[in-house]
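Secondary and tertiary structure notes
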Amino acid sequence: AVPRTRILATGGASRNEKILQVLSDVFNAPVYTIDTANSACLGSAYRAIHGLVAETNVSLADVMKLAPEPRLAVTPTAGAEEV
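- As annotated in an unreviewed UniProt entry, the protein carries the name XYLB kinase and comes from Eurystomus gularis.

**Points about the environment of R4**
- Locating R4 in the fold gives a position in the segment before β1 (7–9).
- Overall, the relative accessible area of 69% leaves R4 in the exposed class.
- Sequence separation between R4 and A29 is 25 residues; the distance between their C-alpha atoms is 8.0 Å.

**Examining helix α2 (residues 42–52)**
- Restricting attention to buried positions, one finds in α2 the residues L42, Y46 and H50. Looking straight down α2, one finds that the buried residues subtend no more than 80 degrees of arc, so they occupy a single side. Facing away from the buried side of α2, by more than 90 degrees, are the exposed residues S44, R47 and L52.
- The inward-facing, buried residues of α2 abut α3 (60–64).

**Details of the sheet that holds strand β2 (residues 31–33)**
- If you trace the three strands from one edge of the open sheet to the other, you get β1-β2-β3, paired in mixed fashion. In this open sheet, the two strands that pair with only one neighbour each are β1 and β3 (71–74). Each neighbouring strand pair of the sheet contributes to a mean axis angle of 45 degrees, computed without reference to strand direction.
- Pairing between β2 and β3: three bridges, direction antiparallel. Note on β3: the bridge partner recorded for Y32 is L72.
- Sheet strands in contact with helix α1 (residues 17–27) are β1, β2 and β3, and its direction is about 85 degrees off that of β3.

**What to know about unusual backbone geometry**
- We note that N28 has phi near 50 degrees; this positive angle belongs to a residue other than glycine.
- For N57, which is not glycine, the phi dihedral falls at a positive 60 degrees.
- Topologically, N57 is positioned in the loop between α2 and α3.

Cut-off values and rules
In this numbering scheme, every chain counts its residues from 1 along its sequence in written order. This being a predicted model, a pLDDT of at least 70 is required before a residue's local features are given, and a value of 80 or more before pairs of side-chain atoms are given or counted; all residues contribute to the totals for chains, interfaces and linings. By convention in this description, side-chain values take in all heavy atoms of the structure and omit both hydrogens and water. Runs of E in the DSSP output that reach at least two residues are strands. Runs of H or I that reach at least four are helices, and both are numbered from the N terminus. Here's how the labels work: a residue is buried when its accessible area is under 20% of the maximum for its type, exposed when over 50%, partly exposed in between, all with a 1.4 Å probe on protein chains only. Of all possible arcs, the one meant is that of the directions from the helix axis to the C-beta atoms. The contact rule is simple, with two residues in contact once any of their heavy atoms fall within 4.5 Å. Any two strands with at least two DSSP bridges between them are considered paired. Axes here refer to lines fitted to C-alpha atoms; in helices the fit is confined to the stretch in contact. Angles between the N-to-C directions go from 0 to 180 degrees.

See below:
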């Protein structure tokens, strides 16, 4: 089975629901956002944390458990994949 895709949108455009809807429809996947200031740099911050604890064999998945829970913003429009 193909793993379910989801999109995590960050930055200023992630506050625009119309832009998020286009992303969702084009990729036929739900779009999530994080209600955190400067969220666009979160990925690199978590990778840096992972790098600091790499010698302890902590996985990136375990580090990511510290991340704020994404909020579902939009889902694909029915039939969008046919367009």
